[in-house]
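Fold and contact review
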Amino acid sequence: MMWYRPDQSLGQGAQAHLQVRGLSAGYGPVRVLRDVSLEARSGLTVILGPNGAGKTTLLKALNGLIPRQGEVLLNREELPEKTHEIVRDGVALVAEGRQLFGQMTVLENLELGGWLLNKAERPRRIAQAFENFPKLKERATQLAGTMSGGEQQMVAVARAMMSAPRLLMLDEPSLGLAPKMVDELLGIARRIANAGTTVLMVEQNVKKALAVADRGYVLERGQIVASGDARLLARSSVVLEAYLGAEGVETTDARDAMQRRKPRSPS
Ligand SMILES: Nc1ncnc2c1ncn2[C@@H]1O[C@H](COP(=O)(O)OP(=O)(O)O)[C@@H](O)[C@H]1O
Ligand SMILES: [Mg+2]
């Protein structure tokens, strides 16, 4: 798979390195994230954690959708605050729930993803998207809203890749998908990372996500509680006890397992 590499007009090229230090963010007076520090280097970094931990809030803060405090650097330069500037800087987000235009075709959705590109560039990028996602080529004229969940997620990822981001953020790409589609979507994330786009992915499919990721973080109650090499993290006590069960086998859906956790008394 060949991903179309960013052109010079977007000011991109080097592999993206995201550094977050002391990040706080929330909604109005409610602070959800407290002093979060993490980084996403070239490759695939996954953020795990139970429902309500603040994973989506983190991606929103990194995309300028909510205000943030703290330091966020992309290749050692402070990330802008406004979403459109962040996008222009080469950061793309596939939000939870995909947010496709259901009444528009696959092709039209992809064209919207290329809004920053000049007119001459767009068809090249579309052709590239269809090369990377052959399944979508067959469905170019289908209304996005009539596709399966997995196919829609694929369109959302392809649309985000239209802007040739240097940093791609994915919020639970496998949410609600059948196991085969989960594997396919996580495989796509891996291939995008292999082709040079830094990927920061939120997931609740703990075992599968750690199997494709290079590094990972565990976020609980707005704070990072564990981090490290994905293979080591998969064997760490935090992940084994909380998410995978003692045998390292996902005995039940990770989402249920996480929801069933007993709340810890505040430290
Ligand atoms: N728009 C919002 N306004 C107020 N609180 C919110 C909003 N969105 C999320 N929250 C709260 O922020 C916390 C973290 O939510 P979220 O980032 O969506 O968690 P996760 O993605 O890890 O499941 C939760 O307590 C949630 O209720
Ligand atoms: Mg979320």
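Here goes a summary of the coordinates provided.

Rules and cut-offs
Residues numbered from 1 in each chain as written. Chains lettered and ligands numbered in written order. Predicted model: local features only at pLDDT ≥ 70, side-chain atom pairs only at ≥ 80, totals over all residues. Axes fitted to C-alpha atoms, helices over the stretch in contact; angles between N-to-C directions. Helix = DSSP H or I, 4+ residues; strand = E, 2+ residues; numbered from the N terminus. Parallel < 35°, antiparallel > 145°, perpendicular 65-115°, else oblique. Left-handed = near helix turned anticlockwise from the far one by under 90°. Contact = placed C-beta atoms within 7 Å. Nonpolar A, V, L, I, M, F, W, Y, C, P; charged D, E, K, R; others polar. Pairing = 2+ DSSP bridges. Near = placed C-beta within 6 Å. Buried ≥ 20, exposed ≤ 12 C-beta atoms within 10 Å, placed from the backbone. Expected span 1.5 Å × (residues − 1). Arc of directions from axis to C-beta.

1. Comments concerning the packing of helix α6 (residues 149-161) against helix α7 (residues 179-194)
Orientation of α6 relative to α7, taken along the N-to-C sense of each, is 10°, at an axis distance of 10 Å. Comparing the axis directions of α6 and α7 gives the class roughly parallel. Once α6 is placed against α7, the crossing between them reads as right-handed. Contacts from Gly 150, Gln 153, Val 157 and Met 161 in α6 reach Met 181, Glu 184, Leu 185, Ile 188 and Ile 192 in α7. Looking at side-chain class alone, the contact of α6 with α7 contains 6 nonpolar, 2 polar and 1 charged residues.

2. Thoughts on the packing of helix α3 (residues 106-113) against α6
In contact at an axis separation of 7 Å, α3 and α6 are set at 35° when each is read in the N-to-C sense. Both α3 and α6 take part in a crossing whose hand is right-handed. Seen from α3, the contacting residues are Val 106, Asn 109, Leu 110, Leu 112 and Gly 113; seen from α6, they are Val 155, Ala 158, Arg 159 and Ala 160. A per-class count over the contact of α3 with α6 returns 6 nonpolar, 2 polar and 1 charged.

3. Quick look at the sheet that holds strand β5 (residues 77-78)
Within a beta sheet, neighbouring strands are joined by backbone hydrogen bonds and run either parallel or antiparallel to one another. Read across the open sheet, the 4 strands follow the order β2-β1-β4-β5; overall the sheet is antiparallel. Every interior strand has two partners, whereas the edge strands, β2 (30-40) and β5, have only one. Sheet contacts for helix α1 (residues 55-62): β1 (18-27), β2 and β4 (68-74); angle to β2, the most-contacted strand, approximately 75°.

4. Concerning the sheet that holds strand β6 (residues 91-94)
Strands sit in the order β6-β7-β8-β3-β9-β10 across an open sheet of 6 strands; the sheet is mixed. With partners counted over all chains shown, the strands left at the sheet margins are β6 and β10 (223-229), one partner each. The average angle at which neighbouring strand axes cross in this sheet is 15°, direction not considered. Where strand β7 (residues 167-171) lies against strand β8 (residues 198-202), 5 bridges are found, and the strand directions are parallel. Residue pairing across strands places Asp 171 opposite Val 202, the latter belonging to β8. Contacts from α1 reach β3 (44-48), β6, β7, β8 and β9 (215-220), with the element oriented near 150° to β7.

5. A word on the site of ligand 1
Surveying the vicinity of ligand 1 reveals the residues Tyr 27, Val 30, Val 32, Gly 49, Asn 51, Gly 52, Ala 53, Gly 54, Lys 55, Thr 56 and Thr 57. Counting residues per element, the shell around ligand 1 draws most heavily on α1, which supplies 3 residues. Looking at the shell around ligand 1 residue by residue, the class counts come to 4 nonpolar, 6 polar and 1 charged.

6. Comments concerning the pairing of β9
With respect to burial, β9 is a largely interior element, 5 of its 6 residues being buried. Relative to β9, β3 runs parallel, the two being bridged by 4 bridges. What sits directly across from Ile 47, in β9, is Tyr 217. Two strands pair when backbone bridges link them, and β9 and β10 are joined in this way by 6 bridges, in the antiparallel orientation. Note on β10: the bridge partner recorded for Gly 216 is Gly 228. What sits between the antiparallel neighbours β9 and β10 is a turn of 2 residues, in which Arg 221 has the positive phi angle 45°.

7. Concerning α7
Here α7 is 16 residues long and its end C-alpha atoms lie 22 Å apart, about the 22 Å a rise of 1.5 Å per residue gives. Taken together, the buried positions of α7 are occupied by Val 182, Leu 185, Leu 186, Ile 188, Ala 189, Ile 192 and Ala 193. Taken end-on, α7 shows its buried residues confined to a sector of 145°, consistent with a single buried face. Set apart from the buried face of α7 by more than 90 degrees, the exposed residues are Pro 179, Lys 180 and Gly 187. Looking at the packing, one finds that the buried side of α7 touches β3, α6, β7, β8 and α8 (206-212). In the segment just after α7, Gly 196 is the residue with positive phi, at about 115°.

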